[in-house]
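An overview of the molecular structure
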Amino acid sequence: MKKIIWCLLMAPFFCAAQSYSLKPLNENTKTSIRGLSVLSDKIIWASGSNGSVGKSTDGGVHWQWLKPKGYEKLDFRDIEAFNEQQAIIVNAGSPAYVLKTTDGGLNWTEHYKNVDSAIFLDGLDFWDKKRGIIFGDPINNKMQLLKTIDAGKTWIDISSNLKLALANGEAGFAASGTTIKTLDGGKVWISTGGMASNIYYSADYGQNWSVFKCPIWQGEQTTGPFSMDFFDAKTGVVVGGNYVQDKQNTNNVLLTYDGGQTWQKPIVPVSGYRSGVTYINAKTLVATGTSGTDLSIDGGKNWKHISDQSFNAVQKAKKGNAIILAGEKGSIYQLSLN
């Protein structure tokens, strides 16, 4: 009887027949992987430090590792792929570059460059094959915003569209390129952290913006939301915490049911700092970070720690079921849920 009552009170994982396994797809390459673009169960792109870009067209069985010529020292924190031939990468730090390939990564062309010492691009996302947006840390308290309407050939600075100045010490995190999220119809959310944490939202492709408070762990340069995902226009999640205290879970996961306007804590939180989160479906979510991976099967209300292995990013295939995690030393794994 005690066990039955305990099961009813605690997260459903302890009683459900949920099994999971991690399968290594790539290891032991000298790159810290933070960018993921999982197109299908077969086509996977990844990006990271040392100017490295990885691509697999057979579900991770074989990998092609590429280094754009002339950019070998860059740290490519985010990548957006459209198919096995076309992809766009963005690096963190100054100078900032946006590069594109149309031949599977053999050649890359430069489509944006900024040599301002303060430039730091955090992430990019696309609404469709033509329209995309990039955001970066503030310069003179102004968030940096770039937009393309021609599949990344040209980038327009739309920073002036966001009239609100960021607080001193407020910035973005480029831990996995996922503090920006787009949805159909021009919707986009951007989360910031550090000394202050906010959610910036536009419903019209970045023309007009609203700002909502995000009550996640904040107030230090190392705190805030490090990843965000939205299942639909109302339902979303942010994860983060403090990356220098990666086993602390005081207030590092929040849920929204009104498009980011208000946020609430789950019943059972993730087990520590998390830099990647993704919806598998409406009920199932996966969050990962340097202190491990957590799973929720009730929409993020309760989380179960399923692995201690360190990762930076997680993403589900846009068309398919593959769940891919990536981290340090070129580690890329596939998570299977049964």
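This text follows the structure it describes.
What you see is a predicted model, and the numbers here were worked out from it, not measured in a lab.

**Quick word on the pairing of strand 22 (residues 276-279)**
Here strand 22 shows no split at all, with Gly-276 and Thr-278 on one side and Val-277 and Tyr-279 on the other all buried. In this sheet, strand 23 (residues 285-289) lies alongside strand 22 in antiparallel orientation, the contact comprising four bridges. Bridge pairing in strand 23 links Thr-278 to Val-286. The antiparallel pairing of strand 22 with strand 23 creates a hairpin that spans five residues between the two strands.

**Quick look at the sheet that holds strand 21 (residues 253-256)**
On the basis of which strands lie adjacent, the open sheet formed by three strands has the order 19-20-21 and antiparallel pairing. The outermost strands of the open sheet, each flanked by one partner alone, are strand 19 (223-230) and strand 21. On average, each strand axis in the sheet is tilted by 20 degrees relative to the strand beside it, whichever way the strands run.

**Quick notes on the nonpolar core**
With 15 residues, the main nonpolar core has Trp-45, Val-53, Phe-76, Ile-89, Leu-99 and Trp-108 as its most contacted residues. Every element with two or more residues in this core is listed here: strand 6 (75-81), strand 7 (87-92) and strand 8 (96-101). Per-element accounting of this core gives the leading share, three residues, to strand 6. Look past the residues within four positions of Trp-108 in its chain and what remains in contact with it is Trp-45, Val-53, Pro-68, Ala-87, Ile-89, Leu-99, Lys-100 and Thr-101.

**Details of the sheet that holds strand 9 (residues 109-114)**
Spatially, four strands are ordered 6-7-8-9 in an open sheet, and the strand pairing comes out antiparallel. The sheet is open, and its two edges are formed by strand 6 and strand 9, each paired on a single side. Taken over all neighbouring pairs, the strand axes of this sheet differ in orientation by 20 degrees on average, direction set aside. Here six bridges tie strand 6 to strand 7, and the two strands are oriented antiparallel to one another. Bridge pairing links Ala-81 to Ala-87 in strand 7.

**Let's talk about the pattern of salt bridges**
Taken as a whole and judged by the stated rule, the model has five salt bridges. For Asp-128, the salt bridge goes to Arg-131, with nearest N and O atoms at 3.0 Å. Note that Lys-181 and Asp-229 form a salt bridge whose closest N and O atoms lie 3.2 Å from each other. You can see Lys-181 sitting in strand 15 (residues 180-183) and its partner Asp-229 sitting in strand 19, a full 48 residues away along the chain. Comparing Lys-181 with Asp-229, the two get one shared label, buried.

**Topic: the environment of Phe-230**
Relative to the assigned elements, Phe-230 resides in strand 19. Between the C-alpha atom of Phe-230 and that of Ser-160, which follows or precedes it by 70 residues, the distance is 26 Å. Setting aside chain neighbours within four positions, we find Phe-230 in contact with Lys-181, Leu-183, Trp-189, Thr-235, Gly-236, Thr-256, Gly-259, Gly-260, Trp-263 and Tyr-279.

**Examining unusual backbone geometry**
Following Ser-94, the chain continues to Pro-95 via a peptide bond in cis, the omega torsion being -5 degrees. Along the chain, the position of Pro-95 falls in the loop between strand 7 and strand 8. Although it is not a glycine, Asn-50 sits at a positive phi angle of roughly 60 degrees. As for its position among the elements, Asn-50 is in the loop between strand 3 (44-48) and strand 4 (53-56). What makes Asn-50 partly exposed here is its relative accessible area of 37%.

About the thresholds
- Residues numbered from 1 in each chain as written.
- Predicted model: local features only at pLDDT ≥ 70, side-chain atom pairs only at ≥ 80, totals over all residues.
- Heavy atoms only, no water.
- Buried < 20%, exposed > 50% of the residue type's maximum accessible area, 1.4 Å probe, protein only.
- Helix = DSSP H or I, 4+ residues; strand = E, 2+ residues; numbered from the N terminus.
- Pairing = 2+ DSSP bridges.
- Axes fitted to C-alpha atoms, helices over the stretch in contact; angles between N-to-C directions.
- Core = buried A, V, L, I, M, F, W, Y, C linked by side-chain atoms within 4.5 Å.
- Contact = heavy atoms within 4.5 Å.
- Salt bridge = Lys/Arg side-chain N within 4 Å of Asp/Glu carboxyl O.

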